[in-house]
Amino acid sequence: MRTLLLSLLAATTFYSSLSTAQAQDSASVAIPDKVRANILKRHPQAQDLKATQETHFGQQLLEVSFKDTEDELKHELFRTDGALFANEILLDNGLEISPDVTKVLADNFPGYKLHKAELVINPNGVGEEYELFIEVGGSKWKVAVNDKGKITDKDAY
């Protein structure tokens, strides 16, 4: 009887950890073959590919993150046809963010703490967008702001 109870407890723990892992990956999406081929052609040693949907410059894009040969994490954005749109550039600190962007963050998220900042440069013309991961009042936000200081997207995560 004891063995049966231990087995049931172990199985319950295993399946609950699986459902937790699936819930955490719910934002992840499948990577189309065209996109995977595009990445592996330019980065043959790419590994740990993960993808999410994002909007930049009014376009629905697929962001794929992966590790390259130097174990550096890269982020690339792809159009729905599988073509590379742009790279996201990780900014080392908040000093690299436009003053207009920091002002709109302070106005909309008073007392925010910046966790991560990425820059996307529009390959089709003028403009930049910042993707900012912030925390304020115990809530975490992913906020997209253009270089003019306009919030273009925001999601709690």
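Residues numbered from 1 in each chain as written. Predicted model: local features only at pLDDT ≥ 70, side-chain atom pairs only at ≥ 80, totals over all residues. Heavy atoms only, no water.

Engineer: Is there a simple way to explain the nonpolar core in this structure?
Structural biologist: As a rule of thumb, nonpolar side chains are buried together in soluble globular proteins. Judged by nonpolar contacts, the single largest core of 14 residues is most densely connected at Ile97, Tyr130 and Leu132. For this core, the secondary-structure elements that each account for two or more residues are α3 (99-108), β5 (113-121), β6 (128-136) and β7 (139-146). Considering each element in turn, this core owes the most residues, four residues, to β6. Apart from the residues within four sequence positions on either side, isoleucine 97 is in contact with Leu91, Thr102, Leu114, Ala117, Tyr130 and Leu132. Counting residues in each nonpolar core, the second largest holds ten residues, with Ile39, Ala46, Ala51 and Phe78 among its members. (Core = buried A, V, L, I, M, F, W, Y, C linked by side-chain atoms within 4.5 Å. Buried < 20%, exposed > 50% of the residue type's maximum accessible area, 1.4 Å probe, protein only. Helix = DSSP H or I, 4+ residues; strand = E, 2+ residues; numbered from the N terminus. Contact = heavy atoms within 4.5 Å.)

Engineer: In this structure, what is going on with the packing of aromatic side chains? I would like to understand it.
Structural biologist: Geometrically, a pair of aromatic rings is defined through the distance of the ring centres and the angle of the planes. Counted by the stated rule, this structure contains three aromatic pairs. For the pair phenylalanine 109 and tryptophan 141, a centre-to-centre distance of 5.7 Å together with 55 degrees between the ring planes defines the contact as tilted. Placement of the pair is phenylalanine 109 in the loop between α3 and β5 and tryptophan 141 in strand β7, with a sequence separation of 32 residues. The class of tryptophan 141 is partly exposed, set by a relative accessible area of 22%. Each ring, one from phenylalanine 133 and one from tyrosine 157, has its centre 5.9 Å from the other, and the planes form 85 degrees; the classification is edge-to-face. Here phenylalanine 133, found in strand β6, pairs with tyrosine 157, found in the segment after β8 (151-156); they are 24 residues apart in sequence, far enough to count as distant. Lying across the ring of phenylalanine 133, lysine 116 places its NZ or CZ 4.8 Å from the centre. (Phe/Tyr/Trp six-rings, centres within 6.5 Å; stacked < 30°, edge-to-face > 60°. Lys NZ or Arg CZ within 6 Å of the ring centre and 35° of its normal.)

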